[in-house]
Amino acid sequence: MISHHPHEDMLIEYANGSLPAAESLLVASHASMCGECQHRIADVEEIGAALLDSIEEAPIDEKSLRSVLDRIDGLSAESAAGGVGEDGRAELDEETLSLVPPPLRPLLTDSLSSLQWRRIGRGLRRAALGSYGAGNVSLIEIRCGGSVPAHTHTGDEYTLVLRGAFHDETGEYATGDVAYADPDIDHRPRASSDGPCLCLTIEGGPIRLTGPVGRLLNRIVKG
């Protein structure tokens, strides 16, 4: 059962199209797993449509319309250029299709097992999926019972659990749950002992390690 959802403001901004790209990806991925949020988004869209119907129509400027259409064409060409399948998307295996929500799949260049995973600690690995607006999008996998080093953030972080579960100082999060951490939160996510935990993360800035070892590593990295 999904217990943690995106903030109400995020759902409203997603429904009206004003939410930044990276956060929109997270909300769309969560909503594809959560019937409750699907209904909440639909309700907001219905209210927005009703408000639009009550507004008197204005003529569309031809130049502005052409500009919007050109941007749409450009985005479509960019999406198609990154895929390997006939439709411009990566050909994904059954495991990947079962774990990765449909809104996230166009960002994958390959199946989960073939992504460019980078080990960032014992039992911890990360696959970067790119930067979208101000958000860095990644997949993080924590081994069964493993943990992420204690850290804080230099920007907001959103995490969507795709498989398994983890807990930290803010609560317990299972598949489909969304966790939020701001720069004031110092936490150490730890995966459940039942199995590995796979998450989608949206980071608004680099993390900063805490604790004696973390502070030493920060000093080394900064040189």
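Let me begin by describing the structure that accompanies this report. (Residues numbered from 1 in each chain as written. Predicted model: local features only at pLDDT ≥ 70, side-chain atom pairs only at ≥ 80, totals over all residues. Heavy atoms only, no water.)

## As for the sheet that holds strand S6 (residues 165-168)
So, point 1. With respect to topology, three strands assemble into an open sheet ordered S7-S6-S9, the strand pairing being antiparallel. Only two strands of the sheet have a single neighbouring strand rather than two, namely strand S7 (171-174) and strand S9 (190-191).
So, point 2. Taken together, the two bridges between S6 and S9 define a ladder with antiparallel strand orientation. Looking across to S9, one finds that Phe166 is bridged to Ala191. (Pairing = 2+ DSSP bridges. Helix = DSSP H or I, 4+ residues; strand = E, 2+ residues; numbered from the N terminus.)

## Side note on the sheet that holds strand S1 (residues 118-121)
So, point 1. Across the sheet, six strands lie side by side as S1-S2-S3-S10-S5-S8; this open sheet has antiparallel pairing. What marks the edges here is a single partner per strand, and that holds for S1 and strand S8 (178-181). Averaged over neighbouring strand pairs, the angle between their axes works out to 30° when direction is ignored.
So, point 2. The sheet contact formed by strand S3 (residues 135-142) and strand S10 (residues 197-203) spans seven bridges and is antiparallel. The residue of S10 that forms the bridge with Leu139 is Leu200. (Axes fitted to C-alpha atoms, helices over the stretch in contact; angles between N-to-C directions.)

## Re the nonpolar core
So, point 1. In terms of nonpolar packing, the biggest core is built from 34 residues, with Leu104, Leu112, Val137, Leu139 and Leu200 touching the most fellow members.
So, point 2. Sorting the residues of this core by element identifies helix H1 (8-16), helix H2 (21-31), helix H3 (35-53), strand S2 (124-132), S3, strand S5 (157-163) and S10 as the ones contributing at least two each.
So, point 3. Residue contributions to this core peak at five residues, all from H2.
So, point 4. Counting 11 residues, the second largest nonpolar core, distinct from the first, contains Ile140, Phe166, Tyr173 and Cys197. (Core = buried A, V, L, I, M, F, W, Y, C linked by side-chain atoms within 4.5 Å. Buried < 20%, exposed > 50% of the residue type's maximum accessible area, 1.4 Å probe, protein only.)

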